[in-house]
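Each chain, written out:
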Amino acid sequence: MSRSTVMVAVDASGAVARGQVEAICAELREEGHDIVRAHTAEDALALTQSRADLSAALVSWHLDEPETVLRALMGRFTKLPVFLVTTATSVDDLPLWVSEAVSGYVWLLEDTPDFIAGRIGVAADRYLDGVLPPFFRELRRFDDTHEYSWHTPAHAGGVAFLKSPAGRAFFDYYGERLFRTDLSISVGELGSLFEHTGPIGDAERNAARTFGADLTYFVLHGDSTADRIACHASIATDELVLVDRNCHKAIYHGLTITGGRPVYLVPTRNGYGLMGPIPPAAMTAAAVAEGVRRSPFAAGAVGADPVYAVITNSTYDGLCYDVVRVAELLGETVPRLHVDEAWFAYARFNPLYARRYGMSVDVLPEDTRPTVFSTQSTHKLLAAMSQSSMVHVKNSQRSPVEHRQFNETFMMHATTSPLYPMIAGLDVAAAMMDGPGGRWLTDEAITEAIRFRQAVARLGRRIRDAGDRPDWFFGTWQPESVADPATGEAHAFADAPLDLLRTSPECWTLAPGAQWHGFEGMEEGYCLLDPVKVTITCPGVDAAGNVGSTGIPARVLTMYLEARGIVVEKTDSYTCLILFSMGITKGKWGTLLDALLDFKSLYDRGAAVVDVLPELVRAHPDRYAGLSLPALCEQMHLQLSKSELTALLDEAFTHPTPAVATPAQTYQKLIRGGAEPVRLAEIAGRTVATMVVTTPPGIPVLMPGESTGGAGGPVLRYLGALEAFDREFPGFPSETHGVTRDSSGDYWISCLR
Ligand SMILES: *Cc1c(COP(=O)(O)O)cnc(C)c1O
């Protein structure tokens, strides 16, 4: 392994200078450093973008655009040692910022190559030591110095695996290092996850600084556990809690554990069936009081007002709140606000998302704002291993989180045998976002997402303009036009300058009444569509819910994409969602665009389903053999429109059925054998025992303890329509939780006896 990688961006003129540069490179190589060379600013920029392993740079002031290169290095790396090749006389003429940015000067002809290479090597080593965050640094040091362990885990640094064939294969597969760093908590040098001391404590504090929190806790059991911890530390039995109906099931589990009584905040929905934000009007003290008044759980509650509120930010479809505004509104009622940011841990690192994440509430006065929790699945959109998550706390004077008390709850939900490589992963995830890295990484994902969106829009326009084929194409969901906030100049989205779209939140906010989003009750700037969460739209319906005479249901597209090795995040009736995460590589989306175009030509040609989706026909030959792709789409579109699935979905979610028991009360009955499965056809008027979640949209249509309502009611008509769809289109089953399907296609749901 090389000691480090040094970029040498020098295009020396003159044989002597060239010879010196070669000698410096040779000396660095001799010392164990890798060298990457650039002869132009363009080369140097490309290396700056692509080589995260650079640990020092030698840049010539006589390059074609030295300032651009230096700026790029500053914008990409924290404290990378940069040595500037110049002449002694020109140092005085350098711009001030350049003198501040560089670590030192190199005068090619004055110093010896040995001396220059030595300085660079030392600086590179020091830099590399400094890039390691606190826990990972100590873990590496520990691994280097300790040979034998006498403590758990019993695999003892992996040695136990070597004694069995299967164990050997496992060991070889992951490599020794993972096992050597899987240590017991009895290793005192590394600190404690429960006392928050030593390098582990330092890592949490480093993350708190990076994410702008007063307190940060590493949770190794997913954001699910982080959510339960935040609830469990704050809600006492029979207290009222404001709950976003669009919440993850972990929040419901939090209610079950605590005995909190939910009062729901119901998000809006548009014609595509996408979940919008909870409108601001529903968050005012007056609206909340009205919700409490109507709640079946208000009678018998402890206290008259809710003590806690929890919202999902961003929503699954990438809609993010102005959290400062939300904290002002909900803060009129509750002293604690929990923002579930499972998909949004990157928000703090790009100015596009200013005010839109939990920890940004520090602009509000500390004595009036609520205390805010942000719970994040670090693994979902930052770089960390599955299950890695964090709870961040921003305290206020109204209801401060007291560390010792919170830690009791934290420990209640934690294993006493944490996996140290996961702690290192959380430490590294924070370090990656610290300094210029976070901005750089988020900028890249945002840029690629916008390029993809514009490419789809331009392609659609070219198809329409060409006039030589059916003029439909897929779209992506965003405004059709945007205005430059500085000049007021308007652009069609497809043609808007990339820099404008990349840097102006105004281009992405849901303006009140704008057609493209179809949500009601918006305030200027209240909600922003995150460009990295890209909703692909299919023909068949628009944002206002107008149904077209033909349509291409997204489930068919998704199945086709899957067959081509492209897996989308989520599929609704006429939309599917893809994510541009930090793992995106430039142009990776080209394959997706290709696949969309191929689908169009297969559809336009009337290709046979057996050729497009052979697996589907193999599994259900009677149903799909002989059918063409357009015919399949037509049948499905007809089924969706005649069963009014999207309209029913809207009704079912906006007219919740009455609740009979709280989640906690229902759970008590459940574990005492108080539940039985009931066929959907016979379920009218029953009370469900477990959550019923349908995807789309992935949120509970029925919570435990809620009545199903009458047979003609919206919930049962909606579930009936889903059941009918599943029967009609085998191989395209609706994704549901809390519903089992028997062999004849009937839905069964667990109800209280
Ligand atoms: C995924 C998710 C969770 C749970 O996160 P895990 O890390 O998978 O446990 C919680 N809340 C929301 C909104 C989620 O999407």
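Everything here concerns the structure above.
Residues numbered from 1 in each chain as written. Predicted model: local features only at pLDDT ≥ 70, side-chain atom pairs only at ≥ 80, totals over all residues. Heavy atoms only, no water.

Colleague: For helix 7 (residues 165-174), give the residues involved together with the corresponding values.
Modeller: Between the side-chain oxygen at the start of helix 7 and the backbone nitrogen of Ala166 there is a gap of 3.3 Å, and the oxygen is on Ser164. Downstream of helix 7 by one or two residues, Gly175 has phi in the positive range, about 90 degrees. (Polar contact = N/O pair within 3.5 Å; in protein donor to acceptor, adjacent residues only side chain to side chain. Helix = DSSP H or I, 4+ residues; strand = E, 2+ residues; numbered from the N terminus.)

Colleague: Describe the site of the ligand, with residues and values.
Modeller: Around the ligand, a shell composed of 13 residues is seen, among which Ser224, Asp340, Trp343, His379 and Lys380 lie nearest. Between the ligand and Asp223, the relevant distance is 2.8 Å, taken from an oxygen atom to a main-chain nitrogen or oxygen of the residue. Contact distances for the ligand include 2.6 Å between a nitrogen atom and a side-chain N or O atom of Asp340. Protein burial of the ligand: of its 380 Å² of free accessible surface, 88% is covered by the chains. Of all the secondary-structure elements, those providing two or more residues to the shell around the ligand are helix 10 (222-232) and helix 14 (378-381). The greatest single-element share of the shell around the ligand, amounting to 4 residues, is contributed by helix 10. Among the residues forming the shell around the ligand, the class breakdown is 3 nonpolar, 6 polar and 4 charged. (Near = heavy atom within 4 Å. Areas by Shrake-Rupley, 256 points an atom, 1.4 Å probe, with all protein chains shown as cover. Nonpolar A, V, L, I, M, F, W, Y, C, P; charged D, E, K, R; others polar.)

Colleague: Now, about the pattern of salt bridges: what can you tell me, with residues and values included?
Modeller: Proximity of charged atoms lets side chains of opposite charge pair with each other. Scanning all chains against the criterion turns up 38 salt bridges. Where Glu328 meets Arg325, a salt bridge forms, and the shortest distance between an N and an O atom there is 3.8 Å. With Glu328 and Arg325 both in helix 13 (residues 323-330), this residue pair falls 3 residues apart, about one helical turn. The class for Arg325 is partly exposed, based on a relative accessible area of 25%. (Salt bridge = Lys/Arg side-chain N within 4 Å of Asp/Glu carboxyl O. Buried < 20%, exposed > 50% of the residue type's maximum accessible area, 1.4 Å probe, protein only.)

Colleague: Go over the nonpolar core with me, naming the residues and quoting the values.
Modeller: By size, the foremost hydrophobic cluster in this structure holds 186 residues, and its most contacted members are Leu330, Phe452, Phe599 and Tyr718. The biggest single contributor to this core is helix 17 (residues 436-466), with 11 residues. In this structure Phe452 touches Thr476, Val534, Ile536, Ile578, Phe580, Trp589, Leu592, Leu593 and Leu596, once residues within four positions along its chain are discounted. (Core = buried A, V, L, I, M, F, W, Y, C linked by side-chain atoms within 4.5 Å. Contact = heavy atoms within 4.5 Å.)

Colleague: Give a description of the pairing of strand 3 (residues 54-60) that names residues and reports values.
Modeller: If a strand is regular, its side chains alternate between the two faces of the sheet. For strand 3, the tally of buried residues reaches 7 of 7 residues, placing the bulk of the element in the interior. In this structure, strand 1 (residues 4-9) lies alongside strand 3, joined through 5 bridges in parallel fashion. Bridging across to strand 3, Thr5 finds its partner in Leu54. The pairing of strand 3 with strand 4 (residues 82-85) spans 4 bridges and is parallel. (Pairing = 2+ DSSP bridges.)

Colleague: Give me the lowdown on the environment of Glu676, citing residues and values where you can.
Modeller: Following the sequence through the fold, Glu676 ends up in strand 21 (residues 675-679). A relative accessible area of 25% places Glu676 in the partly exposed class. Placed 74 residues apart in sequence, Glu676 and Ser750 show a C-alpha to C-alpha distance of 5.4 Å. In this structure, Glu676 is in contact with Arg686, Ile749, Ser750, Cys751 and Arg753, ignoring residues within four places of it in sequence.

Colleague: Can you break down the sheet that holds strand 2 (residues 33-38) residue by residue, with the values?
Modeller: A sheet is described by the order of its strands in space; here 5 strands give the open sequence 2-1-3-4-5, paired in parallel fashion. Each having just a single partner strand, strand 2 and strand 5 (104-106) make up the two edges of the open sheet. The sheet shows a mean angle of 25 degrees between the axes of neighbouring strands, direction not considered. Running at roughly 150 degrees to strand 2, helix 1 (residues 15-30) makes contact with strand 1, strand 2 and strand 3 of the sheet. Most of the contacts of helix 2 (residues 41-50) go to strand 2, to which it runs at about 135 degrees, and overall it touches strand 1, strand 2 and strand 3. (Axes fitted to C-alpha atoms, helices over the stretch in contact; angles between N-to-C directions.)

Colleague: Provide a residue-level description of the layout of surface pockets, including the pertinent values.
Modeller: Its volume calculated, the largest pocket comes out at about 1,600 Å³. As for the largest pocket, its lining consists of 45 residues, and the residues nearest its centre are Tyr127, Leu128, Gly130, Val131 and Leu132. Broken down by secondary-structure element, the contributors of at least two residues to the lining of the largest pocket are strand 1, helix 2, strand 3, helix 5 (113-131), helix 6 (134-145), helix 9 (198-211), helix 16 (420-433) and helix 17. Top contributing element to the lining of the largest pocket by residue count: helix 5, with 9 residues. (1 Å grid on protein atoms, 1.4 Å probe; cavity = no way out; pocket = protein on both sides within 12 Å on 5 of 7 lines; lining within 4 Å. Points joined across faces, edges and corners; volume = space filled by probe spheres on them.)

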